[in-house]
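Residue-level listing of the chains:
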Amino acid sequence: MQKKIKNLVLLSQTKGKLDGSKILTIAKTLGRKELALYYRMLYQKRHEEKVVVKTAIAAPGSLILRVRKIFAGQDIIFPKEPSLIAGLCVQFADFIFDASFQGYFSSIRKSYD
Amino acid sequence: MTKSTDEILIQLQKKLNAFGFEPGLTNVGTVEQMGDGVVTVSGLSKVAMGEMVEFEDGSTGFAFNLDEDYVSVILLSTKTAITSGSQARKTGNFLSIGAAEAFLGRVVSPLGEPLDGKPGIKAAKMMPLERIAPGVVLRKSVNTPLFTGIKSIDSMIPIGRGQRELIIGDRSTGKTSIALDAIINQKVARGSRRKQVLCIYVAIGQKQGNVAQIVDKLGEKGALSYTIIVAAGASDGAALQYIAPFAGCAIAEYFLQKGQDVLIVYDDLTKHSFAYRQLSLVLKRPAGREAYPGDIFYLHSRLLERAVCLNEKNGGGSITALPIVETQAADVSAYIPTNIISITDGQIYLESDLFNAGIRPAINAGISVSRVGGAAQTPIMRKIAGPLRLDLAQYRELAAFAQFGSDLDKATQTRLDRGARITEVLKQTNYAPMRQAHQVAIIWAVTNGFLDDIAIDDVSRFEIEFIEYLENVEKKLIDKIDKEEKLTDEIAKDLEKEVIKFKKRFKI
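Residues numbered from 1 in each chain as written. Chains lettered and ligands numbered in written order. Predicted model: local features only at pLDDT ≥ 70, side-chain atom pairs only at ≥ 80, totals over all residues. Heavy atoms only, no water.

Moving on, we come to the overall build of chain B. The helix and strand tally for chain B stands at 15 helices and 16 strands. Dimensions of chain B, computed from the C-alpha atoms along their principal axes, are close to 90 × 50 × 45 Å. Looking at chain B residue by residue over its 508 residues, the buried ones come to 52%. Of all intrachain contacts in chain B linking residues separated by at least 6 positions in sequence, the fraction that spans at least 24 positions is 72%. For chain B, the exposed area adds up to about 23000 Å²; of that, 52% sits on carbon and sulfur atoms. Taking the average location of the 61 positive side-chain charges in chain B and that of its 60 negative ones, the two points are 5 Å from each other. (Helix = DSSP H or I, 4+ residues; strand = E, 2+ residues; numbered from the N terminus. Buried < 20%, exposed > 50% of the residue type's maximum accessible area, 1.4 Å probe, protein only. Contact = heavy atoms within 4.5 Å. Areas by Shrake-Rupley, 256 points an atom, 1.4 Å probe, with all protein chains shown as cover. Lys, Arg positive; Asp, Glu negative; His and termini not counted. Charge placed at Lys NZ, Arg CZ, Asp CG, Glu CD.)

Below you can see the structure in the form of structure tokens.
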């Protein structure tokens, strides 16, 4: 079943991005269990497509331009996360690039645990 | 480990002064579901098999199944606050345990945490739980005896340092007692030139009460100072029971690297197999014979192959393994027992019938074997124990005719009498290992017929008093037997003289 749903997720895309109308059409044909798995895989896919750039203060324009250049064609959001103190934290797919003070202090703390 | 506040502040100050910002790239995943001690995580595309994974709440686990879209992580922490949707990150570390001299005398969990209520232990070195066994070139053949102090074993089923000798039998046949006797016998007297053999006892799936009793017994006999106990109890979950023997082996390898000899007891591998089966079934791995996963043999072979005797160029240390397997209704042809029999260098087979008949240790010398054999015995013991096995084998063959006592010819009757006395001599109380010189003396006496005229009921008393006599009156002979490599004519004459002298004093 997993392979079938995986193929359906691939079919739900247009030009590499998830297409809402296709998703609705496919969802109508699925049973309860299959729908649950389809939803979970779509969520994962969506998560992979999105790039989240967290900054302690509102992201400056220059940073936004640079990030858009690196991740061209992908959905990017720039939420504020004051707990980072300074720096930024970029999450894309299953990677986190942590260039924040909070991350640095966490690593110092771990070295004492 | 606790550090003083001042120390921490000084180190923090140093780090801040040398501030160099290095951003980190971490591979993360999202918890999809959790149950039965297994967490299914999506993402974690770069995690390796057996790599440690950390969760948001601080819990840890290790990656055990790498599927196309998911990673199954076995949880090591029992109390967790992991929820669906929380984050998991790979740590880059593999499962390892801290090892140090300070572990001696302590009871620890397979993660290195103290279980004996004493303070935490600072690890000198982190040892990986999974490690490739040393290759052929690094090894040498097993040629140094590991004395267990049990007459039947040291004479007929000798164990050498670096050997794997399986102890197999039904429940309550004395398997653990044999292992504990072997540990207690490793005690080296102060001032002795003998090299101390360190001991590690791995308790897998046992009752906490049993482990406590073992700790008490070892403490009472003064064996705890050179023993480490790694315990994963019955309530500890399959993950800890699965890694317990590997943790014990990792600690043993720490001492091996320092050139020391280590004895490790795995009690028992049957419960270890159960734990591994449980994990594999929860992970939906294909089930094979008796519902065990297909790699159950590899589980034990890679563990037991790490028992080694290294050559001098590589330190000269050794790890001797005594795995214990519990059979059901004496079935040694079951799956797990046959697997481990084929891996080990011999087995000590314990029978319930012998145990119930009062023959303790209940070792069936006929089917017990040590594939290292005489190479792991001193020449003197090898010479003396030679006729022992044959005499016992003949006795067993003739035992069926014992009921026809008066109808037997003299030679047969003599063999039966000799066999009965040998059986009596080989009996031994538990937690009372015997010195090699004492074993040599009494076995020599019985195989040369000096006990043939002693009543069977008096044989054990004769043995005790004879050994006492030798220790108190003729200590020189005992010391000579210890020092001499071979059974010289002089020693034989002295032994004969002392036995005859003692028999005159012995009151029947």
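There is more to say after this.
Below, the discussion takes up the confidence of the model for chain A. In this model, chain A carries a mean pLDDT of 85, and residues with pLDDT of at least 70 account for 97%. For chain A, the element scoring lowest by mean pLDDT is strand β2 (residues 17–18) of chain A, at 78; strand β3 (residues 51–55) of chain A scores highest, at 92. (pLDDT = per-residue confidence, 0-100.)

For the rest of this paragraph, the subject is the interface of chain A and chain B. Each partner contributes residues to the interface: chain A has 21 residues there, and chain B has 27 residues. Both faces considered, chain A and chain B share a buried interface measuring about 2200 Å² in area, 56% of it formed by carbon and sulfur atoms. Run the count over chain A and chain B and you get three salt bridges. For A:K6, the salt bridge goes to B:D69, with nearest N and O atoms at 3.5 Å. At the surface where chain A touches chain B, the tally comes to seven residue pairs in polar contact (both at pLDDT 80 or more). Contributing elements (two or more residues each) for the side of chain A that touches chain B: α1 (2–11), α3 (32–49), β6 (95–100) and α5 (101–112) of chain A. (Buried area = accessible area lost by both parts, 1.4 Å probe. Salt bridge = Lys/Arg side-chain N within 4 Å of Asp/Glu carboxyl O. Polar contact = N/O pair within 3.5 Å; in protein donor to acceptor, adjacent residues only side chain to side chain.)

Turning to the domain arrangement of chain B, a few remarks are in order. Structurally, chain B comprises domain 1 (26–94), domain 2 (98–377) and domain 3 (380–505). The straight-line distance from the C-alpha centre of domain 1 of chain B to that of domain 3 of chain B is 61 Å. (Domains from an automatic or database assignment.)

Attention now goes to the pattern of salt bridges. All names here are of chain B. Within this structure, the stated rule accounts for 34 salt bridges over all chains. Of the charged contacts, one joins K258 and E101 as a salt bridge, the two residues approaching to 3.2 Å between their closest N and O atoms. On the criterion of sequence distance, the pair formed by K258 in the loop between α5 (237–257) and β13 (261–267) and E101 in the loop between β7 (96–99) and β8 (107–108) is long-range, its members being 157 residues apart. Between E424 and K427 there is a salt bridge, with the nearest N and O atoms lying 2.7 Å from each other. Exposure remark for E424: the relative accessible area of 16% places this residue in the buried category. Bridged by salt links that share partners, the residues R435, E471, K475, D479 and D482 form one connected network.

Let us now look at the domain arrangement of chain A. Residues and elements named next belong to chain A. Each assigned domain of chain A is listed with its residue range as follows: domain 1 (2–48) and domain 2 (51–112). Using C-alpha coordinates to define each centre, domain 1 is positioned 29 Å away from domain 2. Contact with domain 1, which involves four residues of that partner, is made by five residues of domain 2. For the pair domain 1 and domain 2, the summed buried surface comes to about 390 Å²; carbon and sulfur atoms form 32% of the total. If you sort the residues of domain 1 by the area they bury against domain 2, K17, H47 and E48 come out on top, with a joint share of 84%. Summed over the shared surface of domain 1 and domain 2, the result is zero residue pairs in polar contact (both at pLDDT 80 or more). Examining the composition of the side of domain 1 that touches domain 2, we find that three residues originate from one element, α3, more than from any other.

Our focus in this paragraph is the packing of aromatic side chains. By the definition in use, this model includes 19 aromatic pairs over all chains. Seen in terms of ring centroids, A:F71 and A:F92 are 5.2 Å apart; in terms of plane orientation they differ by 50 degrees. Their pairing is tilted. Of this pair, A:F71 sits in the loop between α4 (61–70) and β4 (76–77) while A:F92 sits in strand β5 (residues 87–92); the two residues are 21 residues apart in sequence, bridging distant segments of the chain. An angle of 70 degrees between the planes, with centres 5.4 Å apart, marks the rings of B:F64 and B:Y242 as edge-to-face. Placement of the pair is B:F64 in strand β4 (residues 60–66) and B:Y242 in helix α5, with a sequence separation of 178 residues. Take B:F64: its relative accessible area is 4%, and that puts it in the buried class. Put simply, the rings of B:F62, B:F64, B:Y242, B:F246 and B:Y276 pair up and form one aromatic cluster. Across the ring face of B:F64, the terminal group of B:R285 is positioned such that the distance to the ring centre comes to 4.4 Å. (Phe/Tyr/Trp six-rings, centres within 6.5 Å; stacked < 30°, edge-to-face > 60°. Lys NZ or Arg CZ within 6 Å of the ring centre and 35° of its normal.)

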